[in-house]
Amino acid sequence: MTSKHAAKTIDPKDLSPSWKVLQMKLKEEKEEQQRAQEAEKAENPAADDGFTKVVSKKMRQRENRKRRAQEALATATETETKKVHHDIPVMIEDNEKGEPTKVMALDCEYVGGGMNGAHDVLARISLVNELGKIVYDKYVKPTEKVTDYRTAVSGIRPENLLKAIPFDRAQTEISKLLDGRIVVGHAVHNDFRVLKLNHVRKLTRDTAKCAVLRTMAKHEQGRVSLKKLAKEVLGIEIQKGEHDSITDARVALRLYEAVKKQWEAEIKRYRN
């Protein structure tokens, strides 16, 4: 005879949805605690003599950054395989115009000035919105004598600059368009330097400095080129010959969109 105090066996099918959700949350919390404990052990491994190894703050921060980059890589790779961002056009033949948006991508082309053409001189500015549509694309009159058009890379020729706009006008127009917006670019600090503009750091997204993108491209040290990121992360070939500022801006935008969730979360974490 079964005791009335005996534990009753419950069929999982009879559990309410709320109970199932609670069970899942408890399981997730337990797994999170286990991961935290494993991470703590990894950061403070015990030495063979029984003493705890001292880990410097800098080493701990480096390990934490590496771990977060690896976690973000897994998520970003899964997202990228869905090809959800490939609707952003890349080829220059797509000349559709667009209006400014919250996120903008910038790229500039330079010619060379000074002795041996070593000094960067602004010659073209391109700006696309978050859909890859062209918001701004103009040639700019060089502010000094051009000693090297760098055509093989810049794609700039003397005839392109015959009807170019003055530098001051270009600088003012771009400054107004970028004000208060997130600006994406590759090594974009160089573009701002040549434009002689400063942009709010928290609104700047430089794909050359993004840890998640470097990890995806298997390039851990130094700044990775836009060409390599395009090939390794997006699976496309660019810059086979002359560069094009619209194409490069669009590629930087697609890279940002591919890891946007992880990148923005990382920025928010460091701000806090």
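- In the nomenclature of an unreviewed UniProt entry, the protein chain is known as RNA exonuclease 4 of Caenorhabditis japonica.
- UniProt, in its Sequence similarities (unreviewed entry) section for the protein chain, records the words "Belongs to the REXO4 family."
- In UniProt, the protein chain has this text filed under Subcellular location (unreviewed entry): "Nucleus".

## Some words on the overall build of the protein chain
- Along the backbone of the protein chain there are nine helices and six strands.
- When each of the 272 residues of the protein chain is scored for burial, the buried share is 40%.
- If you take every contact in the protein chain between residues at least 6 apart in sequence, the share linking residues at least 24 apart comes to 61%.
- Carbon and sulfur atoms make up 52% of the accessible area of the protein chain, which amounts to about 17300 Å² in all.

## Topic: the nonpolar core
- Judged by nonpolar contacts, the single largest core of 32 residues is most densely connected at Leu213, Val251, Leu255 and Val259.
- Sorting the residues of this core by element identifies strand E1 (103-113), strand E5 (182-185), helix H6 (211-216), helix H7 (226-234), helix H8 (245-258) and helix H9 (260-271) as the ones contributing at least two each.
- At eight residues, H8 tops the list of elements feeding residues into this core.
- The next biggest cluster of nonpolar side chains, apart from the first, holds 22 residues, and it includes Leu127, Ile165, Phe167 and Leu178.

## What to know about H8
- Compared with the 20 Å implied by 1.5 Å per residue over 14 residues, the 20 Å span of H8 between its first and last C-alpha is a close match.
- The N-capping residue of H8, defined by a side-chain oxygen 3.1 Å from the backbone nitrogen of Ile246, is Asp244.

Conventions adopted
Residues numbered from 1 in each chain as written. Predicted model: local features only at pLDDT ≥ 70, side-chain atom pairs only at ≥ 80, totals over all residues. Heavy atoms only, no water. UniProt positions renumbered as here; feature names shortened; annotations may be inferred. Helix = DSSP H or I, 4+ residues; strand = E, 2+ residues; numbered from the N terminus. Buried < 20%, exposed > 50% of the residue type's maximum accessible area, 1.4 Å probe, protein only. Contact = heavy atoms within 4.5 Å. Areas by Shrake-Rupley, 256 points an atom, 1.4 Å probe, with all protein chains shown as cover. Core = buried A, V, L, I, M, F, W, Y, C linked by side-chain atoms within 4.5 Å. Expected span 1.5 Å × (residues − 1). Polar contact = N/O pair within 3.5 Å; in protein donor to acceptor, adjacent residues only side chain to side chain.

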